[in-house]
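Analysis of the macromolecular model
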Amino acid sequence: VVLSEELHVGVATTDITPGTNYPVSGYYHERLSTGTSDPLEARAIVFRQGDLSAAFVVCDLITVASDLTVEVRKRVQKRTGIPSEHIVVAATHTHTGPDYTRELFSVVSGKPLPANWKDREPYAPKLIEAVADAVVNAYESAQTVKLLTGTAIQETPVAFNRRYLMKNGEYRTWIGLKDPNVVRTAGPIDPEIGILLLQDSTSSKPTALLSSHALHLDTVGGTLWSADYPFFIERTLRGSLDSNIISLFGNGCCGNINHVDPNSTTRNSAEHIGTSLGKTIAAAVPQLKEVSSPLLQVKSET
């Protein structure tokens with residue numbers, strides 16, 4: 001990379017909401033969707049500097065199957081030239097997204113689906129193309145921007161560790177601290193929120209914001225499609241920063257971190273959590289530091 005080359009960044013979104021009567025992911029029994037609470041999206045950010053480019057696309061899905069990554073990378077590389085190994089396909093881990101993996105396996109393998117799939121509108125091909133389109137559109141819209149970074153601390157409790165060390169040496173989940181056999185929580189939570197803000201290079205208008213926080217996306221339930229609390233993060237940021245800002249959310253390490261306070265009889269809602277996180281992020285924006293002379297690098301480690 002030549003240091004004199006300016007960094008260009010593009011952001012784009014596409015809709016990945018399935019139709020009704022499609023399996024909903026997240027639990028150990030089948031649920032079929034009955035409608036949409038809020039739309040599911042693929043949100044992509046692409047960085048370009050000189051001959052180097054990289055993409056990160058985060059989808060409102062519970063997980064990203066390797067088959068999906070392979071298909072998206074193949075299409076994006078063909079259409080943009082971004083090397084496939086420079087494309088990260090990620091999921092927010094929402095528990096109210098589609099359970100698409102069985103259909104996807106059928107699409108890539110050519111093996112037939114069970115008979116009960118015949119009345120469902122095909123979704124996996126749409127998903128592949130929509131995720132790829134988000135990256136391509138972000139690549140094509142890339143322009144010079146200001147990058148500002150920093151962190152914020154979520155003071156209002158929205159995340160709790162659900163696993164506990166017991167006096168007999170066992171570890172148990174969903175046991176409150178009031179239980180006389182509990183010694184302590186088995187691990188901490190991470191209250192930090194990582195922030196990357198994009199501003200128009202001329203007007204300094206905020207155009208997109210990438211945030212990351214460690215908290216399970218399992219606050220909605222039911223059979224309606226929902227992006228969970230990141231939907232409300234974006235809604236809050238649009239009310240606080242700019243009505244058109246695009247909010248991308250990357251989940252942190254949250255294996256045993258979820259929204260249920262084990263010492264309370266009420267559960268925090270997706271709206272409460274997302275609004276609270278959004279307010280924390282917005283309040284931190286004035287303290288973010290601009291990245292001067294940004295240098296793009298792409299590294300991978302297994």
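Here's the deal with the pattern of salt bridges
Scanning the entire structure with this criterion turns up nine salt bridges. The residue R79 makes a salt bridge to D133 at a minimum N-O spacing of 2.7 Å. Here R79, found in helix α1 (residues 66-80), pairs with D133, found in helix α3 (residues 124-140); they are 54 residues apart in sequence, far enough to count as distant. Taking the relative accessible area as the measure of exposure, R79 reaches 42% and is therefore partly exposed. E234 serves as the salt-bridge partner of R238, at 3.6 Å between the closest nitrogen and oxygen. Of the two residues, R238 and E234 are both situated in helix α4 (residues 229-240); the distance of four residues between them amounts to about one turn of the helix.

Some points on the packing of α1 against α3
The geometry of α1 relative to α3 is characterised by a closest axis approach of 9 Å and an angle of 40° between their N-to-C directions. What the angle tells us is that α1 and α3 run oblique. The chirality of how α1 crosses α3 is right-handed. Residue-level contacts link L68, E71, V72, R75, V76, R79 and T80 of α1 to L127, I128, E129, V131, A132, D133, V135, V136 and Y139 of α3. Per-class residue counts for the contact of α1 with α3 are 10 nonpolar, one polar and five charged.

Calculation criteria
- Residues numbered from 1 in each chain as written.
- Predicted model: local features only at pLDDT ≥ 70, side-chain atom pairs only at ≥ 80, totals over all residues.
- Heavy atoms only, no water.
- Salt bridge = Lys/Arg side-chain N within 4 Å of Asp/Glu carboxyl O.
- Helix = DSSP H or I, 4+ residues; strand = E, 2+ residues; numbered from the N terminus.
- Buried < 20%, exposed > 50% of the residue type's maximum accessible area, 1.4 Å probe, protein only.
- Axes fitted to C-alpha atoms, helices over the stretch in contact; angles between N-to-C directions.
- Parallel < 35°, antiparallel > 145°, perpendicular 65-115°, else oblique.
- Left-handed = near helix turned anticlockwise from the far one by under 90°.
- Contact = heavy atoms within 4.5 Å.
- Nonpolar A, V, L, I, M, F, W, Y, C, P; charged D, E, K, R; others polar.

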